[in-house]
Amino acid sequence: MVHTVVGSSWLPAWFLSALCPALERGLTVRWIDAGNRFDAYGLGRTARDSGADPRRVLRGVRLARPFNAFQLEAMLGRLPADAASDSPVVVSDPLALLYDEELPEDEARRLAPRLARALKALPSNCVVLSVERQTSPERAALGEAVLAASDRVVSLSERDGPLSLEALGCENLVYATS
C-alpha cells in the first residue's frame, strides 16, 4: 500500500522532526531525499530540544539522495527487493526530479509511468512525501499520474492545525519500535 502525504515545502522537515521520538527509541528509517531537502541540522536541533541524543537520532536515518529522475527510478526499483528489512522507507519529494527543467519533456513523459509503477511496488512500510510546487501544466499532469499510483493520499496545509503521524495514518512508523 502506497501512502502519500502532500504538503508545502515544510512537509519533509516536519515529518522528519515528527519521527524524532521513534528514532530516539531505536527506529531506523531509510530516507530517499529526491528533493534535496533533508535537514540534518533541524533534526539534531529537534532531538536536542526534546532531550534526546542528537547523534543517536541522526544515526537512525539511512539517507540516499538521487540526483536525477533515472537514479530515483533505480532506487525505488531496489526497494521491493529490500522489503525484508523492517526499516520504514520515506520517499521525500519524488516529483522534484520529474519536474526538473533539465529533464526533457519527452523523457519526463516516458519516465512518469515507470515512476508510478515503481511507487506502486513499494513495500507497505513506505510513505511518500510530495511537496507542492509550481510547474508547467504538462509536468503537473505527469506528477498527478505518478501520485495516482498511491492507495491513499492525504493533503495538508499550514491551516490544518496541530499534526501528528497518527493523524496521517502513519502510526506504523511511530510504533515500529514500541
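Residues numbered from 1 in each chain as written. Predicted model: local features only at pLDDT ≥ 70, side-chain atom pairs only at ≥ 80, totals over all residues. Heavy atoms only, no water.

### Examining the nonpolar core
- Residues Leu72, Leu76, Val91, Leu98 and Leu122 are the most contacted members of the largest nonpolar core, which totals 30 residues.
- For this core, the secondary-structure elements that each account for two or more residues are helix 5 (69-78), strand 4 (89-92), helix 6 (95-98), helix 7 (105-120), strand 5 (126-131) and helix 8 (137-147).
- With seven residues, the single largest contributor to this core is helix 7.
- With residues up to four places along the chain from it excluded, the contact list for Leu72 reads Ile32, Ala34, Pro66, Val91, Pro94, Leu97 and Leu115.
- Judged by nonpolar contacts, the second largest core, of 22 residues, contains Cys20, Leu27, Ala52 and Val57. (Core = buried A, V, L, I, M, F, W, Y, C linked by side-chain atoms within 4.5 Å. Buried < 20%, exposed > 50% of the residue type's maximum accessible area, 1.4 Å probe, protein only. Helix = DSSP H or I, 4+ residues; strand = E, 2+ residues; numbered from the N terminus. Contact = heavy atoms within 4.5 Å.)

### Considerations on the sheet that holds strand 2 (residues 29-33)
- Strand order in the open sheet formed by six strands is 3-2-4-5-1-6, and the pairing between neighbours is parallel. Unpaired on one side and paired on the other, strand 3 (61-64) and strand 6 (152-155) mark the two borders of the sheet. Recorded for the sheet is a direction-independent mean angle of 20 degrees between the axes of neighbouring strands.
- Pairing geometry for strand 2 and strand 3, over four bridges, is parallel. Counterpart to Ile32 in the pairing with strand 3 is Ala64. (Pairing = 2+ DSSP bridges. Axes fitted to C-alpha atoms, helices over the stretch in contact; angles between N-to-C directions.)

### Brief notes about helix 3 (residues 40-49)
- Taken as a whole, helix 3 has its buried residues at Gly42, Leu43, Gly44 and Ala47.
- The inward-facing, buried residues of helix 3 contact helix 1 (11-18), helix 2 (20-24), helix 4 (54-59) and strand 3.
- Directly after helix 3, the chain includes Gly51, whose backbone phi takes a positive value near 85 degrees.

### Topic: the side chain of Thr4
- Within the secondary structure layout, Thr4 lies in strand 1 (residues 3-7).
- Overall, the relative accessible area of 0% leaves Thr4 in the buried class.
- Ignoring any residue separated from it by four or fewer positions in sequence, one finds Thr4 in contact with Val128, Ser130, Leu147, Ser150, Arg152, Val153 and Val154.

### Some remarks on unusual backbone geometry
- For Asn36, which is not a glycine, the phi torsion comes out positive at approximately 55 degrees.
- Within the secondary structure layout, Asn36 lies in the loop between strand 2 and helix 3.
- Residues other than glycine seldom take positive phi values, yet Asp93 does so here, at roughly 60 degrees.
- For Asp93, the position within the fold is in the loop between strand 4 and helix 6.
- For Asp93, a relative accessible area of 0% corresponds to the buried category.

### Looking at the environment of Trp31
- Here Trp31 lies in strand 2.
- For the pair formed by Trp31 and Val127, sequence separation is 96 residues and the distance between their alpha carbons is 9.7 Å.
- With residues near it in sequence (within four places) discarded, Trp31 still touches Pro12, Phe15, Leu16, Leu19, Phe38, Val61, Arg62, Leu63, Ala64, Val90, Ser92 and Leu129.

### Comments concerning the confidence of the model for the chain
- When the pLDDT values of the chain are averaged, the result is 85; 84% of them are 70 or greater.
- Across the chain, the secondary-structure element scoring lowest on mean pLDDT is helix 9 (residues 171-174), at 54, and the one scoring highest is helix 4, at 96.
- Taken as a whole, residues 174-178 scores under 50 in pLDDT and shows twelve contacts with residues more than four places along the chain or in a different chain. (pLDDT = per-residue confidence, 0-100.)

### A few points about helix 8
- Restricting attention to buried positions, one finds in helix 8 the residues Arg139, Leu142, Gly143, Val146 and Leu147. The buried residues of helix 8 occupy an angular sector of 135 degrees when the element is viewed end-on, so they sit on one face. In helix 8, those exposed residues whose orientation departs by more than 90 degrees from the buried face are Pro137 and Glu144.
- In this fold, the buried residues of helix 8 make contact with strand 1, helix 6, helix 7, strand 5 and strand 6. (Arc of directions from axis to C-beta.)

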